[in-house]
Amino acid sequence: MAIPDYKLSSVLCGHSMDVRCVATTKEFCILSASRDRTAKLWHPEGVKDFVNVVTYKGHSNFVSCVCWLPPCEAFPEGLVITGSNDNTILGYNLQDGAVQINLKGHENAVCSVTPGHDFGVLISSSWDNTARVWNLNTPQMSPVILKGHEAAVWAALELKNGTLATASADKTIKLWRKDGALLSTLTGHTDCVRGLAVASEESFLSCSNDASIRLWTNRGECLNTYYGHTNYIYSISMNPGIPQGFVSCGEDGAVRVWAAGDCIRSIRLPAHSVWSLTCLDNGDIVTGSSDGLVRVFTKDPARYADETMLKQFEEEVQKMQAASQQEIGGFKLSELPGPEALLEPGKSDGQTKLVRRGENVKCYSWSNAENTWNEIGDVMGANPPSEGKTMYQGKEYDFVFSVDIKDGAPPIKLPFNKTEDPWVAAQAFIHKNDLPQVYLEQVANFIITNAKLDSLPASSNGFADPFTGESRYVPGSRAPAGLPPPSAADPFTGAGAYTTSAAGATDKPLVPHDAYIRFDQANLKAIHDKLKEFNSKVGDGLNAFTDEQLENIVKLGELNCTFNTETVNLLKKMLEWPKEILFPVLDITRLAVRNKEINGQIFDTSYGPNFVKYLLTLLTPGNLAANQMLAMRVLVNAFSDLPGEMLVLAARESVTHAIICLTQLNNNAQIAATSLLLNLSVALAQQIDNVELAECIIVLLNKITDKEAYFRGLVALGTILAESPNKLVIQTKIVSNTQLQNRLKKDSSTFDPDFKKISICSLQILKML
């Protein structure tokens, strides 16, 4: 058969973070699910284009999977089904996005949803080690629970003979009867099994982190094993456009097209991870990847993208491939074998082998006694670590602990030096890995016990600011003793809201940063007094507020406040005050939007877009400095929940332009501006369209005089530089900016005793250039 010439057809832009799953629905429509906590419906338009017609919202965490559930008795129009890291499953009306069902029961992230053969039957799987079979025609009935795996269940589906199949991180596949009885356990994969696909009436396919694909009979006999990928395989799907054809994708950034078990085509994407793929009825391939884009590839020349888009795509792929040519430990990544090399047994006991895993190189040693390859560690550079030290991410540590956080997930590395404060190290570990704050004491005690520390520093109060290294503001508490004088004064109290102390700073990597920051500190009494003062001066047809209304509005600034919609509407009305007296209203607004419900009302589709535009008008030169600073703080805190986050991301070009145009920035405004750019960097670090954001950060860094603001700007720049698909472009822009280059070199080599983290961050950025 002729080898199909797949080329890019269209690119679907709309998500702001990784697209973790793609699926199809009726009439060639595409569904996508993203880490931005939304799913989207894309409708075909013209010959090859797609347009986003519905965005499905409602989850409070990443949306990890999506599928189309055909019409059934209870839902005659069908449902769009999504699963999330918030442990729930939502079902939406296809056309208007209204939530129709909310299924609860899983105790951890839901990682797959698939329709069963019978109308109204839904199969889900989860990191809670189970799969569940739901009958939506009788939602009052409890689901059938498939329980037996020892780790996360990544995929579940129904085979053509009615048997249920589940794939797990415990390296096995299990076959079940519909009543939940276990039929058999299939072994063969040597790592986590990530995906399943029905291949025929009698067979199915599986893909795994061991870089292999296996073909099984419905009874569990392995018929064949296919190799071609060089890293983890995340998704597999049958391709109706090719006889006996299927497609797969994974961590090697490639889609591979298979026919009769042979890999006949490889399509490289300009993304580190291709998380998911599916095929349309015409054979076109749909992908979702780590750069936040959905792409469609076709073998039909009539649906090829235009020459300009094809050329741009090829250039992006070439940039990504050039980046893969970097050397680690003296070896080119592209010249080292992938995990498939570990499928071959070693020739002698102790034989070592270097294997490429993404952008890392790992060393393995063969054990005759265990008949397996054992991981020794990462190959990070040409020089071995000092005696008694362990290398991790290019640095030497006294200890690199492996911490098991959840079943089925790989252990998380916790590097530690004896010179560090274990409480600060524990807080940094929790912050970096987005773990609950209640883990702090447990992690700190783990470090103290396993590092066998002779003397223990005093415990912090448990609230460490990852940017200042000091305790963050806690309502009703005093600042810790011994802080230096504040570097920036709060406009109401005159007290310092931020410090630039180096106490507690460590030599841990500061970039990339992976969580949004916000402004929490405030003096509500001072804000109330200022609002009361200004309220008495309100004129020009604006009605003054009663004392009770003022008190209710100020209470909106409490993080866990109780409120009603009327009070939020009063705040919206107060935002119409003249700009000369607006700044306390903006300050209570930036506190209020931290609340999930208030965030949703302030940034809803009817009020939010115009409100963001109004905030941007306050950033134009000539406005009050307090209004400029507080408008940026509102935008920073908007990231506290999805509605605000989405609107700020939608306006990101206007935001960066407004920041660049600001000329006179006091210390508070500098901190607000770099904090806003840092949140944008966290959201857009892995996106293709982040070069302009990097340019804005570079311009602002050359204007910054406040050390805390400069540090936050460095973290923002380092975050994009570490994760951007446009790394080479951004590297060039930094290197060509002499002023910034000189400052980075100076700060990295000249230790500032009052601000150690600037030196550390500057050095980390220089190492990436």
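Treat the numbers as computed from the prediction; the structure is a model and nothing was measured. (Residues numbered from 1 in each chain as written. Predicted model: local features only at pLDDT ≥ 70, side-chain atom pairs only at ≥ 80, totals over all residues. Heavy atoms only, no water.)

> Lay out the overall build of the protein in plain terms, naming residues and giving numbers.
On a plain count of helices and strands, the protein comes out with 18 helices and 39 strands. Within the protein, buried positions represent 54% of all 769 residues. Accessible surface computed for the protein: about 32,600 Å², of which carbon and sulfur atoms make up 49%. (Helix = DSSP H or I, 4+ residues; strand = E, 2+ residues; numbered from the N terminus. Buried < 20%, exposed > 50% of the residue type's maximum accessible area, 1.4 Å probe, protein only. Areas by Shrake-Rupley, 256 points an atom, 1.4 Å probe, with all protein chains shown as cover.)

> Tell me about the sheet that holds strand β23 (residues 245-250), and name the residues and values.
By definition, the strands of a sheet pair up through backbone hydrogen bonds, in either a parallel or an antiparallel sense. Taken in spatial order, the four strands make up an open sheet running β22-β23-β24-β25, and their pairing is antiparallel. The sheet terminates laterally at β22 (233-239) and β25 (262-268), the two strands that pair on one side only. Strand after strand, the sheet turns through a mean of 20° between neighbouring axes, direction not considered. Direction of pairing for β22 relative to β23: antiparallel, over a ladder of six bridges. Among the inter-strand pairings, S235 is bridged to a residue of β23, identified as C249. (Pairing = 2+ DSSP bridges. Axes fitted to C-alpha atoms, helices over the stretch in contact; angles between N-to-C directions.)

> Explain the packing of helix α13 (residues 667-684) against helix α15 (residues 707-723) to me, and be specific about the residues and the numbers.
Running from N to C, α13 and α15 cross one another at 15°; their axes reach a closest spacing of 8 Å. The pairing of α13 with α15 is recorded here as roughly parallel in orientation. In the crossing of α13 with α15, the sense of the turn from one axis to the other is left-handed. From α13, Q670, I671, T674, S675, L677, L678, S681 and V682 reach across to α15, where they touch E708, A709, R712, G713, V715, A716, T719 and I720. Residue composition of the contact of α13 with α15, grouped by class: eight nonpolar, six polar and two charged. (Parallel < 35°, antiparallel > 145°, perpendicular 65-115°, else oblique. Left-handed = near helix turned anticlockwise from the far one by under 90°. Contact = heavy atoms within 4.5 Å. Nonpolar A, V, L, I, M, F, W, Y, C, P; charged D, E, K, R; others polar.)

> If you had to explain empty space enclosed by the protein to someone new, which residues and values would you point to?
It is the rolling of a water-molecule-sized probe over the atoms that shows where space remains empty. Across all of its chains, the model carries four cavities of 30 Å³ or more by this definition. Counted as a void, the second largest cavity has a volume near 50 Å³. Lining the second largest cavity, in full, are P270, E316, K319, M320, I688, P725 and N726. Each residue belonging to the lining of the second largest cavity can be placed in one class, and the counts come to four nonpolar, one polar and two charged. (1 Å grid on protein atoms, 1.4 Å probe; cavity = no way out; pocket = protein on both sides within 12 Å on 5 of 7 lines; lining within 4 Å. Points joined across faces, edges and corners; volume = space filled by probe spheres on them.)

> Please give an account of the pattern of salt bridges that cites residues and values.
Throughout the structure, instances matching the rule amount to 20 salt bridges. Note that K596 is salt-bridged to D641, the shortest N-O span being 3.6 Å. Here K596, found in helix α8 (residues 596-602), pairs with D641, found in the loop between α10 (625-637) and α11 (642-650); they are 45 residues apart in sequence, far enough to count as distant. Note on K596: relative accessible area 42%, which makes it partly exposed. Counted as one network, the salt bridges with shared partners bring together D118, E158 and K178. (Salt bridge = Lys/Arg side-chain N within 4 Å of Asp/Glu carboxyl O.)

> Describe the side chain of E316, with residues and values.
You can see E316 is positioned in helix α1 (residues 307-323). For the buried E316, no salt bridge is present, and the opposite-charge side chain at shortest range is R295, 4.5 Å distant. Those residues in contact with E316, other than ones at most four positions away along the chain, are P270, R295 and I688. (Lys, Arg positive; Asp, Glu negative; His and termini not counted.)

> Any details on the packing of helix α4 (residues 524-535) against helix α7 (residues 583-592)? Residues and values, ideally.
At a minimum axis separation of 9 Å, α4 and α7 run at an interaxial angle of 140°. What the angle tells us is that α4 and α7 run oblique. The handedness of the crossing between α4 and α7 is left-handed. Two secondary-structure elements touch here, α4 through L524, I527, K530, L531 and F534 and α7 through F583, P584, V585, D587, I588 and L591. Class assignment for the residues of the contact of α4 with α7 results in nine nonpolar, no polar and two charged.

> Could you give me a rundown of the sheet that holds strand β21 (residues 222-227), with the residues and numbers involved?
In spatial order, the strands read β18-β19-β20-β21; together these four strands make up an open sheet with antiparallel pairing. Here the strands that pair on one side only, and so sit at the sheet edges, are β18 (193-198) and β21. Across the sheet, the mean angle from the axis of one strand to that of its neighbour is 20°, orientation sign disregarded.

> Run through the nonpolar core, naming residues and quoting values.
Side chains that are nonpolar tend, in soluble globular proteins, to be buried together. Counting 95 residues, the largest nonpolar core has W577, M632, I659 and L676 as its most contacted members. In terms of residues, this core owes the most to one element, α13, which gives eleven residues. With near-sequence residues (within four places) excluded, L676 lies in contact with M632, L635, V636, F639, V648, V655 and I659. Formed by 31 residues, the second largest nonpolar core is a distinct cluster that contains A23, A33, C67 and L94. (Core = buried A, V, L, I, M, F, W, Y, C linked by side-chain atoms within 4.5 Å.)

> Quick one: what's the story with helix α6 (residues 565-574), residue by residue and with numbers?
Helical geometry: 3.6 residues make up each α-helical turn, so side chains three or four residues apart lie on a common side. Burial in α6 covers these residues: T567, V568, L570, L571, K572 and M574. Tucked inside the fold, the buried residues of α6 contact α4, α5 (547-555), α7 and α8.

> Break down the confidence of the model for the protein for me, with residues and values.
This prediction gives the protein a mean pLDDT of 83; 83% of its residues lie at or above 70. Within the model, the stretch residues 380-385 combines pLDDT values under 50 with nine contacts to residues more than four positions away or in other chains. A low-confidence stretch, residues 455-507 (pLDDT under 50), is modelled with 105 contacts involving residues beyond four sequence positions or located in other chains. (pLDDT = per-residue confidence, 0-100.)

> Please give an account of the pairing of strand β11 (residues 121-126) that cites residues and values.
Among the six residues that make up β11, six are buried, leaving the element largely enclosed by the rest of the structure. Judged by which residues are buried, β11 turns out to be covered on both faces: V121, I123 and S125 on one side and L122, S124 and S126 on the other are all buried. The pairing of strand β10 (residues 110-115) with β11 spans five bridges and is classified as antiparallel. By the bridge assignment for β11, P115 is matched with L122.

> Can you tell me about the layout of surface pockets, naming the residues and giving the values?
The calculated volume of the second largest pocket comes to roughly 870 Å³. Taken together, 40 residues make up the lining of the second largest pocket; nearest its centre are G14, H15, D36, K40 and M646. Those elements that provide at least two residues to the lining of the second largest pocket are β1 (7-12), α1, α8 and α11. Residue contributions to the lining of the second largest pocket peak at six residues, all from α11. Its residues placed into classes, the lining of the second largest pocket shows 16 nonpolar, twelve polar and twelve charged.

> Tell me about the packing of aromatic side chains, and please be specific about residues and values.
On inspection of all chains with the given rule, the structure shows 15 aromatic pairs. For the pair F204 and W216, a centre-to-centre distance of 6.4 Å together with 15° between the ring planes defines the contact as stacked. Here W216 lies in strand β20 (residues 212-217) and F204 lies in strand β19 (residues 203-208), a separation of twelve residues in the sequence. One aromatic cluster is present, formed by Y226, F246 and W258 through successive ring pairs. Sitting over the face of the ring of W154, R194 holds its NZ or CZ atom 3.9 Å from the ring centroid. (Phe/Tyr/Trp six-rings, centres within 6.5 Å; stacked < 30°, edge-to-face > 60°. Lys NZ or Arg CZ within 6 Å of the ring centre and 35° of its normal.)

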